[in-house]
Amino acid sequence: MRHFVYGAAVVLGLAMPAMAEYPERDIQGIIQWGAGGSTDTVSRSVTPHAEEILGAKVILQNVTGGVGAIGLNQADRADADGYTLLFGAENPLLYKVMGLGEKDYSDFVPINVIARGIPILVAQPDAPFDTFPEMIAYINENPGEIRFGSTGPGGLPSVVTAMINDKTPIEVTAVPYDGDGPALTALQGGAIDVMPAVLGAALEPVRAGNLKAIAIFDTEGVPQLPDVPAITDTNPEFADLLPWGPFFGIFVKAGTPDDIVAKLTDAYGQATQNADFLSMMEGRGFRMLSLTGAEAQEFLDGWQSQTAWILYDAEIAKNSPEDFGISRP
């Protein structure tokens, strides 16, 4: 009887298929903003290095609309199996206070918060102002004339515009686009006049003379544009709102098995340290973070608190951050 049981176990063991090792097929990557923007650039630059470590392709697709919500919701509908990654920016952390949706990054696990962008205010080359104080003076003399590019409620342009209105109220016309790539293209084409953008996306057009840099929206300048002042150099009242900036990260649906999260975290963690990737990021003015695990979550929570209250105090947010347990920073 013992021999029979042992033999049966061996037969059953041989008949059972081996557990496949992740990843066994291509992985889908959803970029929640349009082609050519900063989120797209960072995602497409880091992923080839992660693919080498994972031993699988990550098929990247731009899924735009709804201030990034359409891409997030598509990723949320997928199975929690590690075969759908969300390449996102900061916007989902503001969906609830902006009344744009009930989901945010609390429904996902951060694989890597890659970097922080530095905001910059850019204008058409022939704009009738060269500095931030001159721009404010012109807007006050010509209310409603200047067209500000926007990526919708909660995007970088809306946050920077909220900061401006908090310190120096202005009357401008907001023109929305699906990402900073299309908005910067529109700015260079003359469809809008001014755009708060990410330095990394605006840097090359500024260097080429296709855009005029007005101010770095940070507490210090940047080596990439040494002649452009930090906003606090001309308007020190902004110091209590800064430093602030958008960020770029990779997320997977909550409930994804821990071993798969660990593999993705390791692959993208190594990818962010690739020399070619680091060189690209430095050249475009991004500030590297490469945060994972608890550090990534702490960063996300702090960013959400700071920004949600900026928008609420500026009377842009539809809902109080307190309604969602977001305390003041």
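Residues numbered from 1 in each chain as written. Predicted model: local features only at pLDDT ≥ 70, side-chain atom pairs only at ≥ 80, totals over all residues. Heavy atoms only, no water.

Inspection of the secondary structure assignment puts V63 in the loop between strand 2 (58–62) and helix 3 (69–77). The buried category is assigned to V63, whose relative accessible area is 9%. Expressed as a C-alpha distance, the spacing of V63 and W33, which sit 30 residues apart in the sequence, is 6.4 Å. Those residues within four positions of V63 in sequence are excluded, and the remaining contacts are I30, I31, Q32, W33, I70, G71 and Q74. (Helix = DSSP H or I, 4+ residues; strand = E, 2+ residues; numbered from the N terminus. Buried < 20%, exposed > 50% of the residue type's maximum accessible area, 1.4 Å probe, protein only. Contact = heavy atoms within 4.5 Å.)

This part is about the sheet that holds strand 2. Taken together, the six strands give an open sheet; going across it, the order is 2-1-3-10-4-11, and neighbouring strands pair in mixed fashion. In the strand order of this sheet, the two ends are held by strand 2 and strand 11 (287–291), each with one partner. Between one strand axis and the next, the sheet turns by 20° as a mean value, whatever way the strands run. Across seven bridges, the pairing between strand 4 (residues 108–116) and strand 10 (residues 247–253) is antiparallel. (Pairing = 2+ DSSP bridges. Axes fitted to C-alpha atoms, helices over the stretch in contact; angles between N-to-C directions.)

This part takes up helix 6 (residues 156–167). With 12 residues, helix 6 extends 17 Å between its outermost C-alpha atoms, agreeing within 8% with the 16 Å of an ideal straight helix rising 1.5 Å per residue. Most of helix 6 is tucked away, with nine of its 12 residues classed as buried. Buried within helix 6 are the following residues: L156, P157, S158, V159, V160, T161, A162, M163 and I164. The secondary structure elements touched by the buried residues of helix 6 are strand 5 (119–123), helix 5 (132–141), strand 6 (147–150), strand 8 (194–198) and helix 12 (293–313). (Expected span 1.5 Å × (residues − 1).)

Before going further, it helps to spend a moment on the pattern of salt bridges. Under the defined criterion, the tally for this structure stands at 15 salt bridges. Here K212 and D130 are joined by a salt bridge, their closest N and O atoms 2.8 Å apart. Remark: D130 occurs in the loop between strand 5 and helix 5 and K212 occurs in strand 9 (residues 212–216); sequence separation between them is 82 residues. The buried category is assigned to K212, whose relative accessible area is 15%. By relative accessible area, D130 is classed as partly exposed at 48%. Each of R116, D218, E220 and R287 takes part in a single network of salt bridges with overlapping partners. (Salt bridge = Lys/Arg side-chain N within 4 Å of Asp/Glu carboxyl O.)

Taken as a whole and assessed by the stated rule, the structure comprises 12 aromatic pairs. Taken together, a centroid distance of 5.8 Å and an interplanar angle of 35° make the contact between W244 and W303 tilted. Linking W244 in the loop between helix 9 (231–234) and strand 10 with W303 in helix 12, this pair joins segments that are 59 residues apart in sequence. Each member of the pair, W244 as well as W303, carries the same accessibility label: buried. Of the aromatic side chains, those joined through ring pairs into one cluster are W244, F247, F299 and W303. The side chain of R25 reaches across the aromatic face of Y83, ending 3.7 Å from its centre. (Phe/Tyr/Trp six-rings, centres within 6.5 Å; stacked < 30°, edge-to-face > 60°. Lys NZ or Arg CZ within 6 Å of the ring centre and 35° of its normal.)

Next up on the list: unusual backbone geometry. With an omega dihedral of -5°, the bond running from Y22 to P23 counts as a cis peptide bond. Looking at the element boundaries, P23 is found in the loop between helix 1 (2–15) and strand 1 (27–31). A cis amide bond links L242 to the next residue, P243, at an omega of 0°. Tracing the chain through its elements places P243 in the loop between helix 9 and strand 10. One non-glycine residue, V67, lies in the positive phi region at around 55°. Positionally, V67 belongs in the loop between strand 2 and helix 3. Within the chain, E315 stands out as a residue other than glycine whose phi angle is a positive 65°. Mapped onto the fold, E315 is located in the segment after helix 12.

As far as function goes, none of this settles anything; it's purely spatial.
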